[in-house]
Amino acid sequence: AQSVTQLGSHVSVSEGALVLLRCNYSSSVPPYLFWYVQYPNQGLQLLLKYTTGATLVKGINGFEAEFKKSETSFHLTKPSAHMSDAAEYFCAVSFASGAGSYQLTFGKGTKLSVIP
Amino acid sequence: GAVVSQHPSRVICKSGTSVKIECRSLDFQATTMFWYRQFPKQSLMLMATSNEGSKATYEQGVEKDKFLINHASLTLSTLTVTSAHPEDSSFYICSARNQNEQFFGPGTRLTVL
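What counts and how
Residues numbered from 1 in each chain as written. Chains lettered and ligands numbered in written order. Predicted model: local features only at pLDDT ≥ 70, side-chain atom pairs only at ≥ 80, totals over all residues. Heavy atoms only, no water. Buried < 20%, exposed > 50% of the residue type's maximum accessible area, 1.4 Å probe, protein only. Helix = DSSP H or I, 4+ residues; strand = E, 2+ residues; numbered from the N terminus. Pairing = 2+ DSSP bridges. Contact = heavy atoms within 4.5 Å. Buried area = accessible area lost by both parts, 1.4 Å probe. Salt bridge = Lys/Arg side-chain N within 4 Å of Asp/Glu carboxyl O. Polar contact = N/O pair within 3.5 Å; in protein donor to acceptor, adjacent residues only side chain to side chain. Nonpolar A, V, L, I, M, F, W, Y, C, P; charged D, E, K, R; others polar.

A. Summary view of the pairing of strand S8 (residues 76–81) of chain B. Residues and elements named next belong to chain B. Across the 6 residues that make up S8, a large majority, 6, are buried. Residue alternation in S8 divides its side chains into two sets, Leu 76, Thr 78 and Thr 80 and Ser 77, Leu 79 and Val 81, and both sets are buried. Note: strand S3 (residues 19–25) against S8, 6 bridges, orientation antiparallel. What sits directly across from Ile 21, in S8, is Leu 79. Of the pairings in the sheet, the one linking strand S7 (residues 67–73) to S8 comprises 5 bridges and is antiparallel in character. Following the sheet pairing, Leu 68 is matched in S8 by Thr 80.

B. Just the interface of chain B and chain A, in detail. Of the residues lining the interface, 20 residues belong to chain B; the matching set on chain A comes to 16 residues. The contact between chain B and chain A buries some 1,400 Å² in all, and 48% of this surface belongs to carbon and sulfur atoms. When the buried area of chain B at its contact with chain A is split by residue, Ser43(B), Arg97(B) and Phe104(B) rank highest and sum to 30% of it. The interface formed by chain B and chain A contains 1 salt bridge. With a shortest N-O distance of 3.4 Å, Glu101(B) and Lys49(A) are connected by a salt bridge. Our enumeration of links across chain B and chain A arrives at 4 residue pairs in polar contact (both at pLDDT 80 or more). Taken together, the elements giving at least two residues each to the side of chain B that touches chain A come down to strand S4 (32–38), strand S5 (44–51), strand S9 (90–97) and strand S10 (102–104) of chain B. Of the residues assigned to the side of chain B that touches chain A, the class counts are 8 nonpolar, 7 polar and 5 charged.

C. Examining the pairing of strand S4 (residues 32–38) of chain A more closely. Residue and element names in this part refer to chain A. Where burial is concerned, most of S4 is hidden: 6 out of the 7 residues are buried. Relative to strand S9 (residues 87–94), S4 runs antiparallel, the two being bridged by 7 bridges. By the bridge assignment, Leu 33 is partnered in S9 with Val 93. Pairing of S4 with strand S5 (residues 44–50), which is carried by 6 bridges, proceeds in the antiparallel orientation. Paired with Val 37 across the bridge in S5 is Gln 45. Connecting S4 to the antiparallel partner S5 that follows it, the hairpin turn spans 5 residues, and Asn 41 within it adopts a positive phi of roughly 60 degrees.

Structural data, given as structure tokens:
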């Protein structure tokens, strides 16, 4: 079974400060890892994903995340927060099955607030 | 990236009525579509997975007769909430998957009075 834990349901940062959203996972097989962003009353938008290869993944809007197998982590970072980054962020894990399908398991989400 | 649309974006209905939500993949054929439910300030909970032309696979605890899913084509899936009750009020999000990635619709806010 796979699961995702996001530490901190709510994170506040000042505009221009570092953003760090934490995500730890458990999976019995090599995982695929994702970060999604959700703005109010909207669906999810993919920020970035890790499948294989380079463990540091760069995404949209200046976000990046690093897959650390030894720590079973996939924390999301951005060097300098912008007001438009205020949203809900979801970490998700999946793995590829032999049938070529997979199922996403989501964390509970972290609400990011950016203080002017 | 690929686009997934949902219609309607918001719906208000009376208790006991049925509501249909459409999910379309606009520029790709979706091998699989997913329906999620999201309660306020909570994560997405998978309700069911459907493949075109076959019956949907429902997650444990999701009533098949209450949440009817039809996946008639590779670009369209519908979720019908039958005999809706206030506790069915929620944000419903569909997702469509092509060979490589899963794309999410903008969601439908259902309010049952």
